[in-house]
Amino acid sequence: MPGFEVFGDEERKEVMDVLETGVLFRYGFDQARKGRWKAKEFEEKFALRLGARHCHLCSSGTAADHIALAAAGVGAGDEVIVPPFTFVATIEAVLAQGAVPVFAEMDGTLCLDPASVAERITPKTKAVVPVHICGSMARIDALADVCRERGVIMVEDACQAVGGSYKGKALGTFGALAAFSFDPVKTLTAGEGGAVVTSDDALYARVHQFADHGHDHIGNDRGAEGHPITGFNYRICELNAAVALAQIGKLDRILAIQRNNKAALKAALGKISGVTFREVPDPEGDTATFLSFLLPSENEAREAAQALAKAGLPGVFYWYDNNWHYHRRWDHFKTLAAPFQTATALAGGKITADTPRSDALMGRTICLSIGLLWTEADIAGRIQKLESVLCR
Ligand SMILES: *Cc1c(COP(=O)(O)O)cnc(C)c1O
């Protein structure tokens, strides 16, 4: 799954390029940098690959989520609809803007259910944030339709879905804005890094300004630049951008390996009675970083996950009991421990999440991560362990 599995000379070369100039800053130093602009180069390549007009690299996927929501105009008192199954950063970004996260149900895709989103939109709803969790897509066209009809902004959290698509269109290009992550365990890694993608020129201006204290990035004298808005420092470092640049050249190879390895496991699991799979609206666009399957009951799933781990199978996740990917165990977050005081006050002191249908699905779901370095023998060994635990 993670891009670090395929590090090599390409990453070393790009990083050395930067170290040879000594310019780690992504802006300016035009003379000293000898024409090396790693962040810019990545942004152009990534936007082109996605079919988006603009990409802005930033310091993390969390930063990308925050920048995207800020650029979308999400602010104090707004409601933002989020899925129950994501990484907690999606929701931290909502709180950072002083907005209130509202959980909607997920469906068999393990992503936001368009019908539940439609039900939970209120006059206060400003944005909906679908998350393409574990590398497979939400019903993103239906979600886009709901958002359009109801006049709310869609911001995709595509942090886990780099390289994915739905009916030939890249994930991350359905919303007004999208966030990607290149953290140490994502499909492409920069060490730390993220990106915001948009095809809207005005939103793009807000994105790169917000990520750099409001600098307008006009001209090449940083000291003389205007500051139309305020913002933060969410800048990427050229060293991280250099790693990302090497990694993007490997994306197609990574996806091909993942799809092959996932298909092998899925074919074997499909023969076991009681096993069903997460719905994937367009299997051709699946990034295949994970294989998610369901067992008939919560008890069976929890016990099977434990038995698989005990049998020595690495990369088995039972997210229902996990405390950073599914909201059920996010106590620190639901009681809104400081410092998110604006959101705390506006939400009336606590966040509630009423998602019984999602709980029932998540309780039955086991997720397996898909490796890039597996040999045929590794795959056969994994299948054998899966069969020994699940065939009864
Ligand atoms: C990883 C991730 C993030 C945050 O990305 P970082 O680069 O780790 O800050 C946000 N949302 C989702 C769904 C993620 O998986």
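First, a word on what this report is: a plain description of the structure on this page. From a predicted model like this one, the values you see are computed outputs, not experimental measurements. (Residues numbered from 1 in each chain as written. Predicted model: local features only at pLDDT ≥ 70, side-chain atom pairs only at ≥ 80, totals over all residues. Heavy atoms only, no water.)

1. Description of the packing of helix H1 (residues 9-21) against helix H8 (residues 238-248)
- Between H1 and H8, the least distance of the axes is 8 Å, while the angle of their chain directions is 150°. In terms of their interaxial angle, H1 and H8 are classed as roughly antiparallel. Crossing of H1 over H8 shows right-handed handedness. Contact residues: H1 offers Glu-10, Glu-11, Glu-14, Val-15, Val-18 and Leu-19, while H8 offers Glu-238, Leu-239, Ala-242, Val-243, Leu-245, Ala-246 and Gln-247.
- Of the residues belonging to the contact of H1 with H8, the class tally is eight nonpolar, one polar and four charged. (Axes fitted to C-alpha atoms, helices over the stretch in contact; angles between N-to-C directions. Helix = DSSP H or I, 4+ residues; strand = E, 2+ residues; numbered from the N terminus. Parallel < 35°, antiparallel > 145°, perpendicular 65-115°, else oblique. Left-handed = near helix turned anticlockwise from the far one by under 90°. Contact = heavy atoms within 4.5 Å. Nonpolar A, V, L, I, M, F, W, Y, C, P; charged D, E, K, R; others polar.)

2. Thoughts on the sheet that holds strand E12 (residues 316-317)
- Spatially, four strands are ordered E10-E11-E13-E12 in an open sheet, and the strand pairing comes out antiparallel. Every interior strand has two partners, whereas the edge strands, strand E10 (276-277) and E12, have only one.
- Pairing of strand E11 (residues 290-294) with strand E13 (residues 365-369) involves five bridges; the strand directions are antiparallel. What sits directly across from Phe-290, in E13, is Ser-369. (Pairing = 2+ DSSP bridges.)

3. With respect to the pattern of salt bridges
- By the definition in use, this model includes 23 salt bridges.
- Here Asp-107 makes a salt bridge to Arg-139, at a shortest N to O gap of 2.9 Å. In this pair, Asp-107 sits in the loop between strand E3 (100-103) and helix H5 (114-120) while Arg-139 sits in the loop between strand E4 (125-128) and helix H6 (140-150), placing the two residues 32 residues apart along the sequence.
- The partner of Arg-302 in a salt bridge is Glu-298, and the shortest N-O contact between them spans 3.0 Å. Placement of both Arg-302 and Glu-298 in helix H10 (residues 298-310) is noted, with a separation of four residues, approximately one turn of the helix.
- On the basis of relative accessibility, which here comes to 33%, the residue Glu-298 falls in the partly exposed class.
- Here the residues in one salt-bridge network are Lys-13, Glu-14, Asp-17 and Lys-38, joined through shared partners. (Salt bridge = Lys/Arg side-chain N within 4 Å of Asp/Glu carboxyl O. Buried < 20%, exposed > 50% of the residue type's maximum accessible area, 1.4 Å probe, protein only.)

4. Focus on the site of the ligand
- Neighbouring residues of the ligand: 16 residues in total, closest Gly-61, Thr-62, Ser-181, Asp-183 and Lys-186.
- Between the ligand and Gly-61 there is a distance of 2.7 Å, counted from an oxygen atom to a backbone nitrogen or oxygen.
- The contact in question runs from an oxygen atom of the ligand to an N or O atom on the side chain of Gln-160, over 2.7 Å.
- Here the ligand loses 94% of its free accessible area of 380 Å² to cover by the protein chains. (Near = heavy atom within 4 Å. Polar contact = N/O pair within 3.5 Å; in protein donor to acceptor, adjacent residues only side chain to side chain. Areas by Shrake-Rupley, 256 points an atom, 1.4 Å probe, with all protein chains shown as cover.)

5. Concerning the side chain of Thr-173
- When you line up the elements, Thr-173 lands in the loop between strand E7 (169-170) and strand E8 (177-181).
- Overall, the relative accessible area of 14% leaves Thr-173 in the buried class.

6. Points about the environment of Leu-69
- The residue Leu-69 is located in helix H3 (residues 61-71) in this model.
- If near-sequence neighbours (up to four positions away) are discounted, Leu-69 is found in contact with Val-74, Ala-93, Val-94, Gln-97, Val-129 and Val-155.

7. Topic: the pairing of E3
- Of the two faces of E3, both are covered, the one formed by Val-100 and Val-102 as well as the one formed by Pro-101 and Phe-103.
- Bridge count between strand E2 (residues 79-82) and E3: four bridges; the pairing is parallel. Across the sheet, residue Ile-81 finds its bridge partner in E3, namely Val-102.
- Regarding topology, helix H4 (residues 89-96) serves as the crossover connection from E2 to the parallel E3, and that connection is right-handed. (Right-handed = clockwise from strand over helix to strand, strands pointing away.)

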